[in-house]
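What the coordinates show
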Amino acid sequence: MFENESFDGHEHVSFHFDGTTGLKAVIAIHSSALGPAMGGCRAWSYANETAALTDALRLSRGMSYKNAVAGLPLGGGKAVILRDSSSTLDDHFFESFGGVVEKLGGRYVTAEDVGVSERSMVAVARRTSYVSGLPLRASSGSVGGDPSPKTALGVFLGIRAAVRSRLDRSDLGGLVVAVQGLGNVGRHLCQLLHEAGAKLLVADLSAKSVDEMASRYGATAVAVDEILTQQVDVVAPCAMGGVLTEASIPALRTKIIAGAANNQLREGRDGQRLFDAGILYAPDYVINAGGIISAGLEFLGEKDASVVNFRIAGIEKTLAEIFARSRETRTPTDRIADGIARERLSAAHGSSAARM
Ligand code: NAI
């Protein structure tokens, strides 16, 4: 594991197995310098265990950076569940996962991610209180619930910031946006973009989701392998990571990349490639922080939804600052964002070391 190229001084990595429910999970804590490590739980069919471990390592580091740049008093962690043909992912399964989270004693706080629903988190909550993204309850005021609409809101605001910076326009009316992936985030994003007057091109593996966006928002369907290369103002990757690569970047015909998917860059140099191509890239973990801001503040006991919305609105300002610094220093946006995150993490490491 220490030789895995995604290992980055992670504080903790554990492997969990429950023979009764078939649960196989990896939990990675990248850093708890800023607070308990928080990040969603992803259920996915991985090619092998190394792929699952690599995903947990990359995603948990991304959460450290995301929480740091969002200004949350939370560290970064992530859980991945290895799905196979025999896993049922029912309530018993997620209760078992809740038991695993509980054993970590609050070092890791979970929530939903790809392949995991709000209902699953309710099952997790039967075994641990270190869980967020639960349905709205009277006791939590109007804060919490499915984080996806909040993520979509943050992405929408981030697209606005990018359009202002790259196209020098303050509204989205008439702009063409290609949305890849119409799941929990993508479909909410389509709604916000449509309401703002943008024209939509959409693609998803599910024809039903595409048809829904076409009939609701007049979106034009595009083939899954052609969505990224459309001639548009904005491409919003809202499916899986690793879509921006040495091979895919030269084929892009957009001025802006701004979407929800985690780990959009396949490797570090892809940020430079986008910069050199004149494409403004909204760093994924900055623009997609709306969900963690909602779930994080829910976990921290915030009851006022206007506080959550105010913090999500901050994504637009943070991105505007990153874009401005990128222009001034001729540095790719992902490097500017990483620099901010690392500064905050090392300042927190410094102060926690000083307290010891
Ligand atoms: P989801 O699982 O609800 O939706 C993903 C959608 O992408 C599905 O409809 C799937 O059919 C589609 N898809 C998969 N591969 C595709 C391809 N090659 N081309 C087109 N469509 C494809 O996931 P969700 O929650 O909407 O998340 C989307 C992305 O945003 C993920 O990368 C996730 O990690 C990230 N994200 C989600 C957050 C949330 O609050 N849900 C928070 C932060 C990041």
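Our subject is the structure that appears above.
Here's a quick rundown of the structure.

1. Regarding the overall build of the chain
Scanning the chain from terminus to terminus reveals eleven helices and twelve strands. For the chain, the C-alpha radius of gyration of 19 Å lies close to 21 Å, the compact-globule estimate for 356 residues. Principal axes of the C-alpha set define a box for the chain whose edges measure 50 × 50 × 45 Å. In the chain, the proportion of contacts linking residues at least 24 apart, taken out of those at least 6 apart, comes to 65%. Charged side chains in the chain number 37 positive and 39 negative. The centres of these two groups are separated by 3 Å.

2. Structural notes on the site of the ligand
In the neighbourhood of the ligand, 23 residues make up the surrounding shell, with Arg42, Thr151, Val185, Asp204 and Ala239 lying closest. Residue Asn184 places a main-chain N or O atom 2.9 Å away from an oxygen atom belonging to the ligand. Take Ala239: an N or O atom from its main chain is 2.6 Å from an oxygen atom of the ligand. At the level of elements, helix H4 (148–167) and helix H5 (184–195) are the ones that each hand at least two residues to the shell around the ligand.

3. Details of the pairing of strand S2 (residues 23–31)
Within S2, eight of the nine residues are buried, which leaves it mostly tucked inside the rest of the structure. Where strand S1 (residues 12–18) meets S2, seven bridges bridge the pair, whose relative direction is antiparallel. Looking across to S2, one finds that His12 is bridged to Ile29. With antiparallel pairing between neighbouring strands as the criterion, S1 and S2 make up a hairpin whose turn holds four residues, including Gly22 at a positive phi of roughly 85°. Pairing of S2 with strand S5 (residues 75–82) involves six bridges; the strand directions are antiparallel. Looking at the pairing, Ile27 lines up with Ala79 of S5.

4. Focus: the pattern of salt bridges
In the structure shown here, the tally under the stated rule is 18 salt bridges. When the shortest N-O distance is used, the salt bridge between Arg160 and Glu316 registers 2.9 Å. Linking Arg160 in helix H4 with Glu316 in helix H10 (residues 305–329), this pair joins segments that are 156 residues apart in sequence. Residue Arg160 is classed as partly exposed on the basis of its relative accessible area of 28%. Shared partners join several salt bridges into a network, and the residues in it are Glu246, Glu267, Arg269, Asp270 and Arg273.

5. Here's the deal with the nonpolar core
Formed by 62 residues in total, the largest nonpolar core has its most connected members in Ile159, Val179, Leu189, Leu193, Leu200 and Val202. At nine residues, H4 tops the list of elements feeding residues into this core. Residues in contact with Val179, not counting those within four places in the same chain, are Gly186, Cys190, Leu193, Leu200, Leu201, Val202, Ala203, Ile227, Ala236 and Cys238. Grouped together as the second largest cluster of nonpolar side chains are 23 residues, Ile29, Ala79, Leu104 and Met121 included.

6. Examining the side chain of Arg273
Inspection of the secondary structure puts Arg273 in helix H7 (residues 269–276). A polar contact is formed between the side chain of Arg273 and the side chain of Glu267, at a distance of 2.9 Å. Excluding residues that lie within four positions of it along the chain, Arg273 makes contacts with Glu246, Ile249 and Glu267.

Conventions adopted
In this numbering scheme, every chain counts its residues from 1 along its sequence in written order. Residue-level local features of this predicted model are given only where pLDDT is at least 70; pairs of side-chain atoms are given and counted only at 80 or more, and the full residue set underlies all totals for whole chains, interfaces and linings. Note: side-chain values were computed over all heavy atoms of the structure, leaving out hydrogens and water. In DSSP terms, a helix is any run of H or I states spanning at least four residues, a strand is any run of E spanning at least two, and both are numbered starting from the N terminus. Here the globule rule reads 2.2 Å times residues to the power 0.38, and the radius of gyration is calculated from C-alpha atoms. In this analysis, two residues are considered to be in contact whenever any of their non-hydrogen atoms come within 4.5 Å of each other. His is not counted, nor are the chain ends, whereas Lys and Arg count as positive and Asp and Glu as negative. Every charge is mapped onto a representative atom, which is NZ of Lys, CZ of Arg, CG of Asp or CD of Glu. Here a residue is near a molecule or strand as soon as one of its heavy atoms is found within 4 Å of it. Counting of polar contacts relies on pairs of N or O atoms within 3.5 Å, with two restrictions inside protein: one atom must be capable of donating a hydrogen and the other of accepting it, and residues adjacent in sequence are counted only when both atoms are side-chain atoms. The rule is simple: take the accessible area with a 1.4 Å probe, protein chains only, and divide by the maximum for that residue type; under 20% is buried, over 50% is exposed, in between is partly exposed. For two strands to be treated as a pair, DSSP must find at least two bridges joining them. Here a salt bridge means any side-chain nitrogen of Lys or Arg lying within 4 Å of a carboxyl oxygen belonging to Asp or Glu. Buried Ala, Val, Leu, Ile, Met, Phe, Trp, Tyr and Cys residues form a nonpolar core when they are joined through side-chain atoms within 4.5 Å.

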